[in-house]
Amino acid sequence: MKEMLGTIVAAHGRHYLADVDGRMLQCVTRGKKTNVAVGDIVHLKRTSDDQAVIEKIDERKTLLYRSDQYKSKLLAANVTRLFIVVATEPGFTDDLVSRALVACEAAGVEAHLILNKTDVEAQLPRARERVKVYADLGYPVHEVSAKRHPEQTVATLAPLLEGQSSILIGQSGMGKSSLVNLLVPEADAAVREISEALDAGKHTTTFTRLYKLPGGGALIDSPGFQEFGLYHLTEGMLERAFVEFGPHLGGCKFYNCRHLAEPHCSILQAVEDGKIARMRHDLYKQLVHESSQTLY
Ligand SMILES: Nc1nc2c(ncn2[C@@H]2O[C@H](COP(=O)(O)OP(=O)(O)OP(=O)(O)O)[C@@H](O)[C@H]2O)c(=O)[nH]1
Ligand SMILES: [Zn+2]
């Protein structure tokens, strides 16, 4: 039988769903491999009318993943843009935002922030102040209100998705589902179709899925997660993933300075001088600590 090309649109355990010219095929890997991610372009061999085996994964342009000291988890492949959804309320954590930004820098993915719920005016000034930290680092911030101004929200975000392969991430309650429903009108139906195909009707809402956009491009919705471990990043990758460290790198007394507590460290000096936010350096220290715990 001849090989087909498909895009992985959902993953659940070792079961995958591939879109082949608009048709959904249930797929499995050969053996016990679980190295397939949503967004992967795969070569398939059909085994029945609606089933296939994944023979090969095409080379990835990008790969986003997170890891703890024991294992890593693929988030999505071939993503070109990542949007971190934050909101005026409930409060968001800078830890998750910065971890996502670091993951993007390491993977070569463009990162944007979406500040949702701008209609909650009492919390707006504070939220703006908090996202300004990231805007000042060069990350675009887009203000929207999915609920109060849905048309405007689509007008702001749709052009940013065109021709891109984007992923939306965010803590629970930020309004990510509301945004997906605005941007992909048929999302609910697609989720139902995917749930059925993957799980024979059982309710599964906690899987990553990819929607093809009418204007070209794809949007990946990932379930909310609490942990965004980056144990797989080396110290060299980490210092480069904090974009504001760049101008100061190379100015330390020791060529192999880890920028933790060394004397005459230009990064620590920049923190002292207020040129690097202490919160960001604290996260850098935390990530260096985590990556030194790696067991594999
Ligand atoms: N005021 C206001 N509320 C919003 C807005 N967008 C979403 N919400 C509300 O915020 C709550 C969370 O929205 P969801 O879209 O379910 O958020 P989510 O980020 O997908 O959250 P989980 O489903 O918990 O992962 C809901 O009660 C929404 O109605 C907005 O622009 N303004
Ligand atoms: Zn240093």
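Remember, predicted model here, so these are calculated numbers, not experimental data.

In this section: the nonpolar core. Among the nonpolar cores identified, the biggest contains 72 residues, and Ala18, Leu82, Ile84 and Val86 are the most heavily contacted of them. With seven residues, helix α1 (residues 94-107) is the single largest residue contributor to this core. In contact with Ile84, not counting residues within four places along its chain, are Val97, Ala100, Ala111, Leu113, Ile169 and Gly170.

This part covers unusual backbone geometry. Here the amide bond leading from Glu89 into Pro90 is cis, since omega sits at -5°, within 30 degrees of zero. The phi dihedral of Lys117 falls on the positive side, at around 65°, and the residue is not glycine. Along the chain, Lys117 turns up in the loop between β9 (110-116) and α2 (124-136). Look at His264: it is not a glycine, yet its phi comes out positive at around 50°. The topology assignment puts His264 in the loop between α6 (235-241) and α7 (266-272). Overall, His264 belongs to the exposed group, with 11 C-beta atoms counted inside 10 Å.

Around ligand 1, the structure places 17 residues, and the nearest of them are Lys147, Ser172, Gly175, Ser177 and Ser178. Ranked by the residues each element gives to the shell around ligand 1, the list is headed by helix α4 (residues 176-183), at three residues. Considering only residue class, the shell around ligand 1 consists of three nonpolar, nine polar and five charged.

Right, let's talk about the domain arrangement of the chain for a bit. Per the domain assignment, the segments of the chain are domain 1 (4-57), domain 2 (63-221) and domain 3 (235-291). Relative placement of domain 1 and domain 3: their C-alpha centres are 42 Å apart.

Here strand β1 (residues 4-12) pairs with strand β4 (residues 41-48) via four bridges, running antiparallel. Following the sheet pairing, Gly6 is matched in β4 by Val42. By the bridge criterion, five bridges tie β1 to strand β2 (residues 15-20) in an arrangement that is antiparallel. Considered in β2, the bridge of Thr7 is made with Asp19. The antiparallel hairpin formed by β1 and β2 contains two residues in its connecting segment, where Gly13 sits at a positive phi of about 60°.

Here α1 contains 14 residues, and its C-alpha end-to-end distance of 20 Å stays within 8% of the 20 Å for a straight helix at 1.5 Å per residue. Along α1, the residues classified as buried are Val97, Ser98, Arg99, Ala100, Leu101, Val102, Ala103, Cys104 and Ala107. Looking one or two places after α1, you find Gly108, whose phi comes out positive at around 75°.

Bridge analysis of strand β6 (residues 63-67) against strand β7 (residues 72-77) gives five bridges, and the strand direction is antiparallel. For Tyr65, the partnering residue across the bridge sits in β7 and is Leu74.

Once that is clear, we can look at the UniProt feature "binding site: Zn(2+)" (unreviewed entry) in the chain. Taken from the UniProt record, the annotation "binding site: Zn(2+)" (unreviewed entry) applies to Cys252, Cys257, His259 and Cys265. Position of Cys257 among the secondary structure elements: in the loop between α6 and α7. Within the secondary structure layout, His259 lies in the loop between α6 and α7. Once residues lying within four places of it in the same chain are set aside, the contact partners of His259 are Glu239, Cys252, Cys265, Ile267 and Leu268.

Basis of the calculations
Residues numbered from 1 in each chain as written. Chains lettered and ligands numbered in written order. Predicted model: local features only at pLDDT ≥ 70, side-chain atom pairs only at ≥ 80, totals over all residues. Core = buried A, V, L, I, M, F, W, Y, C linked by C-beta atoms within 7 Å. Buried ≥ 20, exposed ≤ 12 C-beta atoms within 10 Å, placed from the backbone. Helix = DSSP H or I, 4+ residues; strand = E, 2+ residues; numbered from the N terminus. Contact = placed C-beta atoms within 7 Å. Near = placed C-beta within 6 Å. Nonpolar A, V, L, I, M, F, W, Y, C, P; charged D, E, K, R; others polar. Domains from an automatic or database assignment. Pairing = 2+ DSSP bridges. Expected span 1.5 Å × (residues − 1). UniProt positions renumbered as here; feature names shortened; annotations may be inferred.

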